[in-house]
Amino acid sequence: MGFIKSAFSFFCFIIILGACSSTTKRKVQQDYARVFKVPYETVWRATQQAMLNYPMNINNMDTGHLQTLYITGKHRYQAPHQESINLPSGYQYRLNINLIKGDELTKVVISKEARLQKDFFSEPQELVSDGFEEQVLIYRIKREILIENLLKKNMSQEPPAQSSN
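Keep in mind it's a predicted model, so treat the numbers as computed, not measured. (Residues numbered from 1 in each chain as written. Predicted model: local features only at pLDDT ≥ 70, side-chain atom pairs only at ≥ 80, totals over all residues. Heavy atoms only, no water.)

**Concerning the packing of helix α2 (residues 40–50) against helix α3 (residues 132–156)**
Across the interface, α2 lies against α3 with an axial gap of 8 Å and an inter-helix angle of 120°. One element, α2, and the other, α3, form an angle in the oblique class. Every pair of crossing elements has a handedness; the one defined by α2 and α3 is right-handed. Residue-level inspection shows T42, V43, R45, A46, T47, Q49 and A50 of α2 in contact with α3, the latter providing L137, R140, I141, E144, I145, E148 and K152. (Axes fitted to C-alpha atoms, helices over the stretch in contact; angles between N-to-C directions. Helix = DSSP H or I, 4+ residues; strand = E, 2+ residues; numbered from the N terminus. Parallel < 35°, antiparallel > 145°, perpendicular 65-115°, else oblique. Left-handed = near helix turned anticlockwise from the far one by under 90°. Contact = heavy atoms within 4.5 Å.)

Structural data, given as structure tokens:
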């Protein structure tokens, strides 16, 4: 009788363990971040320049938060190697950008909330971003900072003296 109880409890344990491991795993959203060794205001201006082509929902310099409206239709970003792929009409996303101010550093964190609305009645399905657009935005911000620093450097240099002949 003791053997049957232990075998039964072992069998139940295996079934419960198997049921727990077969549940669907939620995809984890990855944030893309970069730390810049420039003042907060410079990074904010560069981020504004990089985000000019996006419809904005939240744009708050005091909290360091930018958020786009949901982007749909032909305005959605497609990586160059994926241009031939047709995105479903229900695919939409929005970008959240947070700027974190440090003493001499500024951190930019970009996350993308993507979802797919299969039909009018169903709840949207949360999707995980491939990360291309976030990396492109970080690159654009970096380039805008570089351009601003070069312009400041050139403006601070005195023009060469012209000889009067």
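**Section: α2**
Along α2, the positions that sit buried rather than exposed are Y40, T42, V43, W44, A46, T47 and A50. Check the buried side of α2 and you find it contacts β1 (32–36), β2 (56–60), β3 (65–68), β4 (91–101), β5 (106–116) and α3. (Buried < 20%, exposed > 50% of the residue type's maximum accessible area, 1.4 Å probe, protein only.)

**A short note on the pairing of β2**
When β2 meets β3, the two strands line up antiparallel, connected through four bridges. The partner of N59 across the bridge, within β3, is L66. Hairpin connection from β2 to β3: four residues lie between these consecutive antiparallel strands, with G64 at a positive phi of about 70°. (Pairing = 2+ DSSP bridges.)

**So, the pattern of salt bridges**
Under the criterion given, the structure shown has four salt bridges. For R45, the salt bridge identified is with E148, shortest N-O distance 2.6 Å. In this pair, R45 sits in helix α2 while E148 sits in helix α3, placing the two residues 103 residues apart along the sequence. According to the relative accessible area criterion, R45 is partly exposed, its value standing at 40%. When the shortest N-O distance is used, the salt bridge between R94 and E113 registers 2.9 Å. Of this pair, R94 sits in strand β4 while E113 sits in strand β5; the two residues are 19 residues apart in sequence, bridging distant segments of the chain. Judged by its relative accessible area of 28%, E113 is partly exposed. One connected set of salt bridges, linked through shared partners, spans R45, E148 and K152. (Salt bridge = Lys/Arg side-chain N within 4 Å of Asp/Glu carboxyl O.)

**Here we look at α3**
Over its 25 residues, α3 runs 36 Å from end to end, which matches the ideal 36 Å to within 8%, given 1.5 Å per residue. Structurally, α3 contributes buried residues whose contacts are with β1, α2, β4 and β5. (Expected span 1.5 Å × (residues − 1).)

**Focus on the confidence of the model for the chain**
Per-residue pLDDT for the chain has a mean of 82; in total, 71% of the residues score no lower than 70. Of all secondary-structure elements in the chain, the lowest mean pLDDT belongs to helix α1 (residues 2–21), at 59, while β3 reaches the highest, 96. (pLDDT = per-residue confidence, 0-100.)

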